[in-house]
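Structural overview for review
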Amino acid sequence: MLKGKTALVTGSTSGIGLGIAKALAAQGANIMLNGFGDHEAPRAEVAALGVKVGFHGADMSRPAEIEDMMKATAAQFGRVDILVNNAGIQHVARIEDFPPERWDAIIAINLSSAFHTTRQAIPAMRQANWGRIINVASVHGLVATAEKSAYVAAKHGIVGLTKVTALENATSGVTCNAICPGWVLTPLVQKQVDARAAALKISNEEAKKVLLGEKEPSMQFTTPEELGALAVFFCSPAADNVRGVAWNMDGGWAAQ
Ligand code: NAD
C-alpha cells in the first residue's frame, strides 16, 4: 500500500517508533530512522522487510540538527511523505522538585521537535497533495497524572498542534492525527516499573500489575505492533478524511 512512499520516524531506534517504522516498512514504505543508541540492529530489522532504510542521528532537542535531518531525508529519498513525530522522554517528580532543565528537555523533545519537523515537511507534502503526519502523543495528551507535569503539558500540547496542523491542511491531501497510547512496555516504561518495584519492594511482574491496575482497565500493555497497525490505518485511503483526531489505544484508561 505504501510502496514508493518515504516515512521519517523520529525516535525509531527503540520501542514504539521502531514498531511503527516496521509496520510502515511492511507496507512497502522506505524508512528514515532517527534516535540514540545502537542504530545498526534496528536498521537491519527494517531492511529485512525489503525497503530502503536511512538513518540520521539528529538530537530532537536541537532545531539545527532537525533541519539537517529534514534536508538529508529529502536528499536521500526525494521527500518525506509520512512524518511520524515519536521521539520522547519522561521524568517523574512533583512540580516543586522538577529540575527546570528536565522541563526544558521534555518540552523540546516531546513537543517543539514536532513543530520543527512539521513546518519543514508540509511544503513538499502540499505540493504532492498527499501527506500523513502522525504525532505519537499519549493518553497523557487527554488526561493527567501527578508528578508528570512536563510530559502532560507536552502531550496536551502535541494534541493541540495535531488539530491545528489538520485544520490548516484540511482542503488538501495532507492529514494530521495523533495516537494516544496507554502503557506500552518499552524502555521508557520499564524505568517506571523498576522504580515501582524498588519503592514497594516487589517483583518486576508484580510492579507491572500495580502499574496497569492503577490506570489501565484491560490490565494489558498496548504493543508497538498494535500502534504500528493504527499508523498504517492513518496512511490508508480509508483514513483520507480522518483529520485532527487524538485516538487513544489505552485499554480503557481515558474512558474512566
Ligand atoms: P523509548 O525510550 O523506547 O524510545 C524513545 C525513542 O526516542 C528512542 O529511539 C530514543 O533514542 C529516542 N530519543 C530520545 N531522546 C531523543 C532525542 N533527544 N533526539 C532523538 N531521539 C531521541 O520510548 P517509547 O515508549 O517507545 O516512547 C516513544 C513515544 O511514545 C514517546 O513520545 C512517548 O512519550 C510515547 N508514549 C509512550 C508510552 C509508553 O507507555 N511507553 C505511552 C504513551 C506514549
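Conventions and cut-offs
Residues numbered from 1 in each chain as written. Predicted model: local features only at pLDDT ≥ 70, side-chain atom pairs only at ≥ 80, totals over all residues. Heavy atoms only, no water. Helix = DSSP H or I, 4+ residues; strand = E, 2+ residues; numbered from the N terminus. Expected span 1.5 Å × (residues − 1). Buried < 20%, exposed > 50% of the residue type's maximum accessible area, 1.4 Å probe, protein only. Arc of directions from axis to C-beta. Contact = heavy atoms within 4.5 Å. Axes fitted to C-alpha atoms, helices over the stretch in contact; angles between N-to-C directions. Parallel < 35°, antiparallel > 145°, perpendicular 65-115°, else oblique. Left-handed = near helix turned anticlockwise from the far one by under 90°. Nonpolar A, V, L, I, M, F, W, Y, C, P; charged D, E, K, R; others polar. Salt bridge = Lys/Arg side-chain N within 4 Å of Asp/Glu carboxyl O. Pairing = 2+ DSSP bridges. 1 Å grid on protein atoms, 1.4 Å probe; cavity = no way out; pocket = protein on both sides within 12 Å on 5 of 7 lines; lining within 4 Å. Points joined across faces, edges and corners; volume = space filled by probe spheres on them.

**Thoughts on helix 7 (residues 204-215)**
With 12 residues, helix 7 extends 17 Å from end C-alpha to end C-alpha; this agrees with the ideal 16 Å at 1.5 Å per step. Buried within helix 7 we find A207, K208, L211, L212 and K215. Burial along helix 7 is one-sided: seen end-on, the buried residues are contained in an arc of 135 degrees. Summarising the contacts, the buried residues of helix 7 are in contact with helix 6 (187-200).

**Thoughts on the packing of helix 1 (residues 15-26) against helix 2 (residues 40-47)**
Helix-helix packing is described using two parameters, namely the angle between the two axes and the distance between the axes. Two numbers describe how helix 1 lies on helix 2: the axes approach to 9 Å, and their chain directions differ by 25 degrees. When the axes of helix 1 and helix 2 are compared, the pair comes out roughly parallel. Crossing geometry of helix 1 relative to helix 2 is assigned as right-handed. Between helix 1 and helix 2, the residues in contact are L18, K22 and A25 and P42, E45 and V46, respectively. Of the residues in the contact of helix 1 with helix 2, the class split is four nonpolar, no polar and two charged.

**Let's talk about the pattern of salt bridges**
Following the criterion strictly, the structure yields nine salt bridges and no others. Notably, a salt bridge pairs K71 with E67, separated by 3.2 Å at the nearest N-O pair. In this pair, K71 and E67 are both assigned in helix 3 (residues 63-77), four residues apart and thus about one turn of the helix distant. With its nearest N and O atoms 2.7 Å apart, the salt bridge here joins R79 to D81. With relative accessibility at 34%, the residue R79 sits in the partly exposed group. When salt bridges with common partners are traced through the structure, they connect D59, R62 and E65 into a single cluster.

**Looking at the sheet that holds strand 7 (residues 246-249)**
In spatial order, the strands read 3-2-1-4-5-6-7; together these seven strands make up an open sheet with parallel pairing. Only two strands of the sheet have a single partner each, and these edge strands are strand 3 (53-56) and strand 7. When strand polarity is set aside, the average angle formed by the axes of neighbouring strands in this sheet is 20 degrees. With four bridges connecting them, strand 4 (residues 82-85) and strand 5 (residues 131-136) associate as parallel partners. Bridging across to strand 5, L83 finds its partner in I133. Contacts between helix 2 and the sheet are confined to strand 2 (30-34) and strand 3, with strand 3 contributing the most and set at about 155 degrees to the helix. Each of strand 1 (6-9), strand 2 and strand 3 is contacted by helix 3, which is oriented at about 160 degrees to strand 3, the strand it contacts most.

**Points about empty space enclosed by the protein**
Applying the stated criterion across every chain yields a total of one cavity of 30 Å³ or more. Put simply, the largest cavity is a space of about 40 Å³. Taken together, T10, N85, N86, A87, I109, N110, S113, A114, V136, K155 and I158 make up the lining of the largest cavity. Elements with a contribution of two residues or more to the lining of the largest cavity: helix 4 (100-128) and helix 5 (149-168). Counting residues per element, the lining of the largest cavity draws most heavily on helix 4, at four residues. Classifying every residue of the lining of the largest cavity gives five nonpolar, five polar and one charged.

Nothing here speaks to function; it is geometry throughout.
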